[in-house]
Amino acid sequence: MYSTTRIGEKVTVFNSPPRNRFKFFTFYDLNAKFDVKRINQIYEQARWMLLAEELDCTEEEMMLFAALQYQVQLQSQVPQAVSQAPEDDIDAALNDLQTTLEGVNSPTFYNDIMQVPVLSDYLQFLKPKKFTLRGFRPYFVVLRDTTLSLFKDEHDTQSEPSLELNLRGCEVAPDVVLTNAKYGIKLQVPMADGMQEMWLRCVSDAQYAKWMAAFKLASKGKTMADSSYQAEVQNLLSHLALQHTSHRQDIDPVALNVDLDQYVAPRFTKKNRNHKLSGRVMDAHSNVRNLTATEAKLQLINACQRLPDYAKHYFVVQFAGSRKEELLAVTPNQLIRLDINGRMLKTWPYKRMRDWHVNWYKKLVVVEFDDEVVEFWPVGADAKNVHEFIGGYIFLATRAEDKNQTLDEAEFHKLTGGWKA
């Protein structure tokens, strides 16, 4: 549906009832006390996307998602406990305000505005290329501000680096397989000749969490001095801890008869025996069995938001000057150009955008950036759909964190509806 009608959309699946879902994936802080209905709707949407295989995830992540869904199902059959001493609403609001103003406690190092934040350690590095057998090699890696430098040894940091990159605007994706002790990070760095892919590997949960959090901030043009750095490190560690399984032997045999189709995407059930998969789900459930229904829903939402494909809306398009069909991904903070096989070619952050409009006669979308003009025709979709997503995310990016802020509906319709003020 067009945004001039509503900001959500209705999806109909064969042999299933219609589902209402959020169209834009930018959500403000979800409060378990005040946002129960919104949390439930976002949870159901994320759950449906996982089962419909709209989101790609590893097998370990799928086991965690299944365990969280199973915990929600169990908790829905149990009366939820009510706090005996509920916190006064005013005190709760004051605590939220204090947390927002102070941020998460960070080491003194990061609070020193006169000192440039630096993260350094030995990591395994690989620049993948076709027709090469070269594997990962150890480098001493230094991240200063948003600049990544690679040295052959920690004693060579005063000399010219083997490789130096600015990570602002890059794409960061996890490549983690805990059963193989694989803690990988994939970077897609914008270069003059397109996107350059690089892989890094860490040796532990702690090392991975520090570097992954730092890379995410650097991609947004932020440094480790940002108050959100330590919180992101802790969130990553918590997420990894939930995926670690204990291989328990005391699993209830009745629980092994759980209907996996309700919790696990089809591609995982097809290649695993039901009994074995049920055991893995119950094993993962041991890490989340103490969560309430709302806490389990929030954990699943947060975990889904970390998946590389979350909040990406894909369109088949043909760019001006090109005769082949390609993909365009519209995200909350940038546009991404990909080839038809999904390989990233270029990114355009909204911060560099000056204007965008649609030539309705030609069905041509025109986006003006600081240094170039991008033109493309959607194939098999209305140009208005692309226009809506761009305008909607730009509108959401301009909104303040103030929960009492009045929604400017006229501005929203102006940005998404394709009409001038």
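See the structure above.
A quick note: this is a predicted structure, and the numbers were derived from the prediction, not measured. (Residues numbered from 1 in each chain as written. Predicted model: local features only at pLDDT ≥ 70, side-chain atom pairs only at ≥ 80, totals over all residues. Heavy atoms only, no water.)

Trainee: Help me out: how do you make sense of the overall build of the chain in this one?
Mentor: On a plain count of helices and strands, the chain comes out with 11 helices and 16 strands. Among the 421 residues that make up the chain, the fraction classed as buried is 43%. If you take every contact in the chain between residues at least 6 apart in sequence, the share linking residues at least 24 apart comes to 54%. Within the structure as shown, the chain displays about 23,800 Å² of accessible surface, and the carbon and sulfur contribution to it stands at 50%. (Helix = DSSP H or I, 4+ residues; strand = E, 2+ residues; numbered from the N terminus. Buried < 20%, exposed > 50% of the residue type's maximum accessible area, 1.4 Å probe, protein only. Contact = heavy atoms within 4.5 Å. Areas by Shrake-Rupley, 256 points an atom, 1.4 Å probe, with all protein chains shown as cover.)

Trainee: What should I look at first to understand the packing of helix H10 (residues 383-398) against helix H11 (residues 409-417) in this one?
Mentor: To describe two helices that pack against each other, one gives the angle between their axes and the distance between the axes. For the pair H10 and H11, the least separation of the axes is 7 Å and the interaxial angle reads 140 degrees. One element, H10, and the other, H11, form an angle in the oblique class. Seen from H10, the contacting residues are Lys384, His387, Glu388, Gly391, Gly392 and Phe395; seen from H11, they are Glu411, Phe412, Leu415, Thr416 and Gly417. Its residues placed into classes, the contact of H10 with H11 shows three nonpolar, five polar and three charged. (Axes fitted to C-alpha atoms, helices over the stretch in contact; angles between N-to-C directions. Parallel < 35°, antiparallel > 145°, perpendicular 65-115°, else oblique. Nonpolar A, V, L, I, M, F, W, Y, C, P; charged D, E, K, R; others polar.)

Trainee: Sorry if this is basic, but what is going on with the pattern of salt bridges here?
Mentor: Oppositely charged side chains are able to pair whenever their charged atoms sit close together. Under the defined criterion, the tally for this structure stands at 15 salt bridges. For glutamate 232, the salt bridge is made with arginine 306, and the minimal N-O distance between the two is 2.7 Å. With glutamate 232 in helix H6 (residues 228-243) and arginine 306 in the loop between helix H9 (293-305) and strand E10 (313-319), this pair connects stretches of sequence that are 74 residues apart. Overall, the relative accessible area of 19% leaves glutamate 232 in the buried class. (Salt bridge = Lys/Arg side-chain N within 4 Å of Asp/Glu carboxyl O.)

Trainee: Hey, could you run me through the nonpolar core in this one?
Mentor: Side chains of a nonpolar character, in soluble globular proteins, are inclined to be buried together. Phe65, Val264, Leu328, Val330, Leu335 and Phe376 are the most contacted members of the largest nonpolar core, which has 70 residues in total. At nine residues, the largest contribution of residues to this core is made by helix H2 (residues 59-76). Contact partners of phenylalanine 65, with chain neighbours within four places excluded, come to Leu50, Cys57, Leu300, Ala303, Cys304 and Leu307. Leu119, Phe125, Val141 and Leu217 belong to the second-largest nonpolar core, a separate cluster that totals 36 residues. (Core = buried A, V, L, I, M, F, W, Y, C linked by side-chain atoms within 4.5 Å.)

Trainee: How do you make sense of the packing of H2 against H9 when you look at a structure like this?
Mentor: Where H2 meets H9, the closest approach of the two axes is 8 Å, and the angle between their N-to-C directions is 160 degrees. Looking at the two axes, H2 sits roughly antiparallel to H9. The interaxial crossing formed by H2 with H9 has left-handed handedness. In this structure, H2 contributes Phe65, Leu68, Gln69, Gln71, Val72 and Gln75 to the contact, and H9 contributes Ala293, Ala296, Lys297, Gln299, Leu300, Ala303 and Cys304. Each residue belonging to the contact of H2 with H9 can be placed in one class, and the counts come to eight nonpolar, four polar and one charged. (Left-handed = near helix turned anticlockwise from the far one by under 90°.)

Trainee: What is the right way to read the sheet that holds strand E5 (residues 147-151) from this model?
Mentor: Note: strands within a sheet are paired through backbone hydrogen bonds, in either parallel or antiparallel orientation. The seven strands lie next to each other as E6-E5-E4-E3-E9-E8-E7, forming an open sheet whose pairing is antiparallel. Strand pairing shows two members of the sheet lacking a second neighbour, strand E6 (163-166) and strand E7 (171-177), which therefore form its edges. Going across the sheet, the axis of each strand differs from the next one's by a mean of 30 degrees, ignoring polarity. Alignment of E7 against strand E8 (residues 182-191), held across seven bridges, turns out to be antiparallel. (Pairing = 2+ DSSP bridges.)

Trainee: How should the pairing of strand E12 (residues 334-338) be read in this particular structure?
Mentor: Put simply, side chains in a regular strand alternate between the two faces of the sheet. Taking burial as the measure, the five residues of E12 include four buried ones, the bulk of the element. Sheet topology places strand E11 (residues 326-330) next to E12; four bridges connect them, and they run antiparallel. The residue bridging leucine 327 from the neighbouring strand is leucine 338, located in E12. Where E11 hands over to E12, the hairpin turn is made up of three residues, counted between the paired strands. The antiparallel hairpin formed by E12 and strand E13 (residues 344-349) contains five residues in its connecting segment, where glycine 342 sits at a positive phi of about 95 degrees.

Trainee: I tried to follow a positive patch on the surface on my own but got confused; where do I start?
Mentor: Together, Lys129, Arg134, Arg137 and Lys152 make up a region of like positive charge exposed at the surface. Relative to the helices and strands, arginine 137 resides in strand E4 (residues 137-144). Of the residues examined, arginine 137 reaches a relative accessible area of 42% and is grouped as partly exposed. (Patch = residues over 30% accessible without salt bridge, like charges linked within 9 Å, V, L, I, M, F, W, Y side chains within 5 Å. Lys, Arg positive; Asp, Glu negative; His and termini not counted. Charge placed at Lys NZ, Arg CZ, Asp CG, Glu CD.)

Trainee: Looking at this structure, how should I read H9?
Mentor: The periodicity of an α-helix, 3.6 residues per turn, causes residues three or four positions apart to be oriented the same way. Look at H9: 19 Å from first C-alpha to last across 13 residues, which is about the 18 Å you get at 1.5 Å a residue. Within H9 the residues assigned to the buried category are Ala293, Ala296, Lys297, Leu298, Leu300, Ile301, Ala303 and Cys304. Its buried side turned inward, H9 meets helix H1 (36-51), H2 and H6. (Expected span 1.5 Å × (residues − 1).)

Trainee: Looking at this model, I keep getting lost on the packing of aromatic side chains. Mind explaining?
Mentor: What characterises a pair of aromatic rings is the spacing of the ring centres plus the angle enclosed by the ring planes. Inspection of the entire model under this criterion finds 15 aromatic pairs. Relative to phenylalanine 389, the ring of phenylalanine 24 lies with its centre 5.7 Å away and its plane at 70 degrees, an arrangement referred to as edge-to-face. Taken together, the residues span a long stretch of sequence, with phenylalanine 24 in the loop between strand E2 (19-22) and H1 and phenylalanine 389 in helix H10 at a distance of 365 residues. One exposure class covers both phenylalanine 24 and phenylalanine 389, and it is buried. Both rings, one in phenylalanine 24 and one in phenylalanine 412, keep their centres 6.2 Å apart while their planes meet at 90 degrees; by these two values the pair is edge-to-face. A residue pair is termed long-range when its members are at least 10 positions apart, and phenylalanine 24 in the loop between E2 and H1 and phenylalanine 412 in helix H11 qualify at 388 residues. When sorted by exposure, phenylalanine 24 lands in the same class as phenylalanine 412, which is buried. Feature note: the residues Phe24, Phe315, Phe389, Tyr393, Phe395 and Phe412 constitute an aromatic cluster, connected by ring pairs. (Phe/Tyr/Trp six-rings, centres within 6.5 Å; stacked < 30°, edge-to-face > 60°.)

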